[in-house]
Number of protein chains: 2
Amino acid sequence: MTVAMAGAPAMAADAQAGRARALQCQACHGLDGKSKLPEAPHLAGQNETYLVKALKDYKTGARKDEMMNLMAKPLTDKDIANLAAFYSGLKP
Amino acid sequence: MTVAMAGAPAMAADAQAGRARALQCQACHGLDGKSKLPEAPHLAGQNETYLVKALKDYKTGARKDEMMNLMAKPLTDKDIANLAAFYSGLKP
């Protein structure tokens, strides 16, 4: 039986899959989560819940940034959960 | 003679003054820049340029968050520069 885990998107998150998805993030945020540009935030060790919200808001356009709106658009909820699990798990 | 430093807001930033201004931030972000709530990001060691942009966007409403729009509204450019200098200078 599959039980929907509403409100707990991180429970099924896969940091390894997040790392693979993060290849498209690394030019600005690094695969180590340390920003490569002054205008890009560091992500290593950032709060998982905050990262999920940031990516969802970029995807929907509720939060506006030319680059991030483009990057987040194709992400699924699963991608977002995995990316947040990956970056939040890195050492700042 | 006073020379306007357009585009270099951080040059005159005062991290000590930023610390004093950060007393209103600490319930969520801590005076150590370590978030006290899952939905609030850690700020310690975050990029200064990114922090300035975040606060300006919250102040203008370009970036929307009920709490942060309220908190950022009264901040001057100088307050924002000082807060960004303070939080970016903390150890993550």
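Preceding block: the structure.
Everything numeric here is computed off the predicted structure, so don't read it as measured data.

The rules behind these values
- Residues numbered from 1 in each chain as written.
- Chains lettered and ligands numbered in written order.
- Predicted model: local features only at pLDDT ≥ 70, side-chain atom pairs only at ≥ 80, totals over all residues.
- Heavy atoms only, no water.
- Contact = heavy atoms within 4.5 Å.
- Buried area = accessible area lost by both parts, 1.4 Å probe.
- Salt bridge = Lys/Arg side-chain N within 4 Å of Asp/Glu carboxyl O.
- Polar contact = N/O pair within 3.5 Å; in protein donor to acceptor, adjacent residues only side chain to side chain.
- Nonpolar A, V, L, I, M, F, W, Y, C, P; charged D, E, K, R; others polar.
- Least-squares fit on C-alpha atoms with pLDDT ≥ 70 in both.
- Buried < 20%, exposed > 50% of the residue type's maximum accessible area, 1.4 Å probe, protein only.
- Helix = DSSP H or I, 4+ residues; strand = E, 2+ residues; numbered from the N terminus.
- Phe/Tyr/Trp six-rings, centres within 6.5 Å; stacked < 30°, edge-to-face > 60°.
- Expected span 1.5 Å × (residues − 1).
- Core = buried A, V, L, I, M, F, W, Y, C linked by side-chain atoms within 4.5 Å.
- Axes fitted to C-alpha atoms, helices over the stretch in contact; angles between N-to-C directions.
- Parallel < 35°, antiparallel > 145°, perpendicular 65-115°, else oblique.
- Left-handed = near helix turned anticlockwise from the far one by under 90°.

Colleague: Please give an account of the interface of chain A and chain B that cites residues and values.
Modeller: Tallying the contact residues gives 14 residues for chain A and 14 residues for chain B. Interface area, chain A with chain B, both sides summed: about 1400 Å², of which 46% is carbon and sulfur. The interface formed by chain A and chain B includes zero salt bridges. Viewed at the interface, chain B and chain A are joined by 17 residue pairs in polar contact (both at pLDDT 80 or more). Its residues assigned to classes, the side of chain A that touches chain B shows six nonpolar, six polar and two charged.

Colleague: So what's going on with the relation of the copies chain A and chain B? Residues and values would help.
Modeller: For these two chains of identical sequence, chain A goes onto chain B by a turn of 180 degrees and a shift of 0.0 Å along the axis, with RMSD 0.0 Å. Taken together, the rotation angle and the small translation identify this as a two-fold axis.

Colleague: Break down the pattern of salt bridges for me, with residues and values.
Modeller: Residues and elements named next belong to chain A. Under the defined criterion, the tally for this structure stands at six salt bridges over all chains. The residue Lys 36 makes a salt bridge to Asp 32 at a minimum N-O spacing of 3.1 Å. Among the residues examined, Lys 36 registers a relative accessible area of 44% and is labelled partly exposed. With a relative accessible area of 35%, Asp 32 lands in the partly exposed category.

Colleague: Please provide a residue-by-residue account of the environment of Ala 13 of chain B, values included.
Modeller: Residues and elements named next belong to chain B. Turning to its location among the elements, Ala 13 is positioned in the segment before α1 (15–21). Residues Ala 13 and Asn 82 lie 69 residues apart in sequence; the distance between their C-alpha atoms is 4.8 Å. In contact with Ala 13, not counting residues within four places along its chain, are Glu 48, Ala 81, Asn 82 and Ala 85.

Colleague: Residues and numbers for the packing of aromatic side chains, please.
Modeller: All names here are of chain B. Under the definition given, this model contains two aromatic pairs over all chains. Relative to Tyr 87, the ring of Phe 86 has its centre 4.9 Å away and its plane inclined at 55 degrees; by these criteria the two rings are tilted. As far as the burial class goes, Phe 86 and Tyr 87 line up, both buried.

Colleague: Hey, could you go over helix α3 (residues 48–60) of chain A for me, with residue numbers and the actual values?
Modeller: Compared with the 18 Å implied by 1.5 Å per residue over 13 residues, the 18 Å span of α3 of chain A between its first and last C-alpha is a close match. Inspection of α3 of chain A places Tyr 50, Leu 51, Val 52, Ala 54, Leu 55, Asp 57 and Tyr 58 of chain A among the buried residues, and these make up the whole buried set. Those residues of α3 of chain A hidden inside the fold are in contact with α4 (66–72) and α5 (77–88) of chain A together with α3 (48–60) of chain B.

Colleague: Break down the nonpolar core for me, with residues and values.
Modeller: Among soluble globular proteins, nonpolar side chains are generally buried collectively. One finds Tyr 87 of chain A together with Tyr 87 of chain B to be the most contacted residues of the largest nonpolar core, which totals 34 residues. Discounting residues that sit within four places of it in the chain, Tyr 87 of chain A has contacts with Ala 22, Cys 25, His 29, Gly 30, Leu 31, Gly 33, Leu 43, Ala 44, Gly 45, Gln 46 and Leu 51 of chain A.

Colleague: Explain the packing of α3 of chain B against helix α5 (residues 77–88) of chain B residue by residue, including any values.
Modeller: A pair of packed helices is characterised by two quantities: the angle between their axes and the separation of those axes. Residue and element names in this part refer to chain B. Between α3 and α5, the shortest axis-to-axis distance is 9 Å and the interhelical angle comes to 140 degrees. Between α3 and α5, the crossing angle belongs to the class labelled oblique. Between α3 and α5 lies a crossing of right-handed hand. Between α3, through Glu 48, Leu 51, Val 52, Leu 55, Lys 56 and Lys 59, and α5, the contact on the second element is made entirely by Asp 77, Ile 80, Ala 81, Leu 83, Ala 84, Ala 85, Tyr 87 and Ser 88. Tallied by class, residues from the contact of α3 with α5 come to nine nonpolar, one polar and four charged.

Colleague: Which residues make up α5 of chain A, and what values go with them?
Modeller: Residues and elements named next belong to chain A. Helix length check: α5, at twelve residues, gives a terminal C-alpha distance of 16 Å against a target of 16 Å (1.5 Å per residue), a fit within 8%. Among the residues making up α5, those that are buried are Asp 79, Ile 80, Ala 81, Asn 82, Leu 83, Ala 84, Ala 85, Phe 86, Tyr 87 and Ser 88. Buried residues belonging to α5 abut α1 (15–21), α2 (26–29) and α3.

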